[in-house]
Amino acid sequence: VEEGRNLDTAERLIRRALEMEPRQGAYIDSLGRLYFKQGKTLKALNELKKANSLTHDPVICEHLGDVYFKTGDVVNAAANWGKSLEINPDQEDLRKKIDEADTQIVRLIAERIRTVEKIGEEKRKQGKQIEDLEREKKVLQSVRNIAAHENISQEGIESIYRQIMTVAKSME
């Protein structure tokens, strides 16, 4: 499956194995990885989540992170790669994936800050107040809701966003 060859044969074998052991996490992971290689991202995500719920295996966490990364969900990608490293710390390839996710996160933050700067410039031109506490409250509530949905620390995400907003304000 990893090399993307003979996927039809691989799928038949995986399905046969799943008929014998339908709750075997490794087999479900293989099906999820197969879907990933076929470009069936949503199916891959569903199977890998199922596999991950059955067994905590560093390979399954890595595969789940790969799917999240492909969908653009860098936060969940990094979280799953991190779980994989917690289980098995000696995975240099995963550290590289996390570094790539960090790069994308910083680029997104930079893009957010540049947008905030443009909004600040417009507000100054129009003589409007730059700081909008009501908007900040909405943003913080929104990221807390996203964090809750993603099953990560709402307080942690709020803290990160407060820092991001502080940096953006200092540049307005």
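Novice: So what's going on with the overall build of the protein chain? Residues and values would help.
Specialist: Each helix and strand counted, the protein chain has eight helices and zero strands in total. Written out in order from the N terminus, the α and β elements of the protein chain read α-α-α-α-α-α-α-α. In terms of overall size, the protein chain is more extended than a compact globule, its C-alpha atoms giving a radius of gyration of 21 Å where 172 residues would be expected to give roughly 16 Å. Taken over the C-alpha atoms alone, the protein chain extends approximately 70 × 30 × 30 Å along its principal axes.

Novice: Which residues make up the packing of aromatic side chains, and what values go with them?
Specialist: Under the defined criterion, the tally for this structure stands at one aromatic pair. Across from the ring centre of Phe36, 5.5 Å away, lies the NZ or CZ of Lys70, which sits over that ring.

Novice: Which residues make up helix H6 (residues 92-125), and what values go with them?
Specialist: Here H6 spans 50 Å end to end across 34 residues, near enough to the 50 Å set by a 1.5 Å rise per residue. Looking only at H6, the buried set comprises Leu94, Ile98, Ala101, Ile113, Val116, Gly120 and Lys123. Residues of H6 that are buried in the fold lie against helix H4 (58-70), helix H5 (74-87) and helix H8 (154-171).

Novice: Which residues make up the confidence of the model for the protein chain, and what are the values?
Specialist: Looking at the protein chain as a whole, its pLDDT mean stands at 90, while 97% of the residues score no less than 70. The least confident element of the protein chain is H8, whose mean pLDDT is 88; the most confident is helix H3 (residues 41-54), at 96.

Novice: Could you give me a rundown of a negative patch on the surface, with the residues and numbers involved?
Specialist: Side chains of Glu92, Asp93, Asp99 and Asp102 sit close together on the surface and give a patch of like negative charge. Take Asp99: it is sitting in helix H6.

Novice: Describe H3, with residues and values.
Specialist: Relative to the 20 Å expected for 14 residues at 1.5 Å per residue, H3 spans 20 Å between its end C-alpha atoms, a close match to the ideal helical length. When we look at burial in H3, the residues that qualify are Thr41, Ala44, Leu45, Glu47, Leu48, Ala51 and Asn52. On the buried face of H3, the contacting elements are helix H2 (25-37), H4 and H5.

The rules behind each value
- Residues numbered from 1 in each chain as written.
- Predicted model: local features only at pLDDT ≥ 70, side-chain atom pairs only at ≥ 80, totals over all residues.
- Heavy atoms only, no water.
- Helix = DSSP H or I, 4+ residues; strand = E, 2+ residues; numbered from the N terminus.
- Rg over C-alpha atoms; globule rule 2.2 N^0.38 Å.
- Phe/Tyr/Trp six-rings, centres within 6.5 Å; stacked < 30°, edge-to-face > 60°.
- Lys NZ or Arg CZ within 6 Å of the ring centre and 35° of its normal.
- Expected span 1.5 Å × (residues − 1).
- Buried < 20%, exposed > 50% of the residue type's maximum accessible area, 1.4 Å probe, protein only.
- Contact = heavy atoms within 4.5 Å.
- pLDDT = per-residue confidence, 0-100.
- Patch = residues over 30% accessible without salt bridge, like charges linked within 9 Å, V, L, I, M, F, W, Y side chains within 5 Å.
- Areas by Shrake-Rupley, 256 points an atom, 1.4 Å probe, with all protein chains shown as cover.
- Salt bridge = Lys/Arg side-chain N within 4 Å of Asp/Glu carboxyl O.
- Lys, Arg positive; Asp, Glu negative; His and termini not counted.
- Charge placed at Lys NZ, Arg CZ, Asp CG, Glu CD.

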